Amino acid sequence: MQSKTQSFQTRQNMEKSTFEVFRYRDPKPEGVAVHHHDFYEIYFFLSGEVEYRVEGKTYLLKPGDLLLINPRELHQPIVKPGCVYERIVLWIDKSYIESFGNGENTLTKCFDIQSPTHTNILRPTGIQRTNITELLENMINECYGDDYGNELSATGVFLQFMVEINRLALQKEGNAEPVKDTLLVTKVLSFINENYNEDLSLESIARKFFVSKYHLSHEFTRSVGTSVYRYIMLKRLLNAKELLSQGVAPGVVYHKCGFQDYANFYRAFKAEYGVSPKEFVMRNS
């Protein structure tokens, strides 16, 4: 039996310390900006016309595709209007999922962006897709049900689902390749991710890669969905949140993440997350 749909969640933070699952169906889907969050995400595409951007790679989705999003990856769905947009989204707390398994049996293996075989998209076969659909539907029904043992049952289904996803991720066949992936942008993204704490600008990056800043700006925005400046800022803030969560003092974090002074860091952090760095530390302590 198909699970009920939920109203689309505009928030980008988890309310539970375990996992949250949603089934969305939008006849008139709204646009979503390039973003990141502090948890793992699995996105199961059901219907619509969608291109999905993940760190400069663009995937043309087919019904039944699974997207795996690491907390360190900026991403954005590009949804064509006029079609019903339906998907199931699973959010997973980092500490929670990392508490299951270890070594070769970790449930986060499918999200490992350092793995040479890592992919953001899985394209299951018909039988695999049926199994995944049933698991997700059962998970939703248990999460939103009021029967005895719903929470325990939901946890069991979640663990079974994650084992299945990791098995699929370890298979080389069936994984889809991005439809758009320019070499220039790939190199620039790698450079920014390795040097986000340095004094970076559109002009300096363009010089390094021997292209005009106008060409770089156009290609980068087309592939990534946001400007070079915005991408650098988001990467700095993402790394700042990680350091703050690890107990590094705000007065040290801003320097490690490439901000010229604490005032600029403070303004950018609060504008993006709605809280100051110190407030973020207090909430997560």
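Residues numbered from 1 in each chain as written. Predicted model: local features only at pLDDT ≥ 70, side-chain atom pairs only at ≥ 80, totals over all residues. Heavy atoms only, no water.

**A word on the pattern of salt bridges**
Inspection of the entire model under this criterion finds 12 salt bridges. With a shortest N-O distance of 2.9 Å, Glu86 and Arg23 are connected by a salt bridge. On the criterion of sequence distance, the pair formed by Glu86 in strand 7 (residues 85–92) and Arg23 in strand 1 (residues 19–26) is long-range, its members being 63 residues apart. On the basis of relative accessibility, which here comes to 11%, the residue Glu86 falls in the buried class. (Salt bridge = Lys/Arg side-chain N within 4 Å of Asp/Glu carboxyl O. Helix = DSSP H or I, 4+ residues; strand = E, 2+ residues; numbered from the N terminus. Buried < 20%, exposed > 50% of the residue type's maximum accessible area, 1.4 Å probe, protein only.)

**Let's talk about unusual backbone geometry**
Although it is not a glycine, Glu55 sits at a positive phi angle of roughly 50°. Of note, Glu55 is situated in the loop between strand 3 (50–54) and strand 4 (57–60). The backbone of Phe210 shows a phi angle near 55°, a positive value even though the residue is not glycine.

**With respect to the environment of Ile192**
Its place among the elements puts Ile192 in helix 4 (residues 183–195). Residue class for Ile192 comes out buried when judged on its relative accessible area of 0%. Linking Ile192 and Tyr231, residues 39 residues apart in sequence, is a C-alpha distance of 8.7 Å.

**Description of the packing of helix 4 against helix 7 (residues 228–245)**
Contact geometry for helix 4 and helix 7: axes closest at 10 Å, N-to-C directions at 40°. Accordingly, the angle class assigned to the pair helix 4 and helix 7 is oblique. Between helix 4 and helix 7 lies a crossing whose hand is right-handed. Contacts between helix 4 and helix 7 involve Leu189, Ile192 and Asn193 on the former and, on the latter, Val228, Tyr231, Ile232 and Lys235. For the contact of helix 4 with helix 7, a count of residues per class yields five nonpolar, one polar and one charged. (Axes fitted to C-alpha atoms, helices over the stretch in contact; angles between N-to-C directions. Parallel < 35°, antiparallel > 145°, perpendicular 65-115°, else oblique. Left-handed = near helix turned anticlockwise from the far one by under 90°. Contact = heavy atoms within 4.5 Å. Nonpolar A, V, L, I, M, F, W, Y, C, P; charged D, E, K, R; others polar.)

**As for the sheet that holds strand 7**
Across the sheet, which stays open at both edges, the five strands sit in the order 1-7-2-5-8 with antiparallel pairing between neighbours. Each of the sheet's edge strands pairs with one partner strand only, and the pair in question is strand 1 and strand 8 (121–122). One ladder, built from seven bridges, connects strand 2 (residues 40–47) with strand 7; its direction is antiparallel. When the sheet's bridge partners are listed, Phe45 is paired in strand 7 with Arg87. With respect to the sheet, helix 2 (residues 126–143) is in contact with strand 1, strand 2, strand 5 (66–69) and strand 7, its orientation differing from that of strand 1 by roughly 105°. Contacting strand 1, strand 2, strand 5, strand 7 and strand 8, helix 3 (residues 150–170) runs over the sheet at an angle of about 100° to strand 7. (Pairing = 2+ DSSP bridges.)

**Some remarks on the packing of aromatic side chains**
For the structure on display, the rule yields 19 aromatic pairs. Between Phe19 and Phe158 the ring centres are 4.4 Å apart and the planes differ by 5°, which places this aromatic pair in the stacked class. Highlighted residues: Phe19 in strand 1 and Phe158 in helix 3, separated in sequence by 139 residues. For the pair Phe19 and Phe158, a shared accessibility class is recorded, and that class is buried. Considering the side-chain rings of Phe39 and Trp91, the 4.6 Å spacing of their centres and the 35° angle between planes classify their relative orientation as tilted. On the criterion of sequence distance, the pair formed by Phe39 in the loop between strand 1 and strand 2 and Trp91 in strand 7 is long-range, its members being 52 residues apart. Each member of the pair, Phe39 together with Trp91, is buried. The ring centre of Tyr273 lies 4.0 Å from the NZ or CZ of Lys241, which sits over that ring. (Phe/Tyr/Trp six-rings, centres within 6.5 Å; stacked < 30°, edge-to-face > 60°. Lys NZ or Arg CZ within 6 Å of the ring centre and 35° of its normal.)

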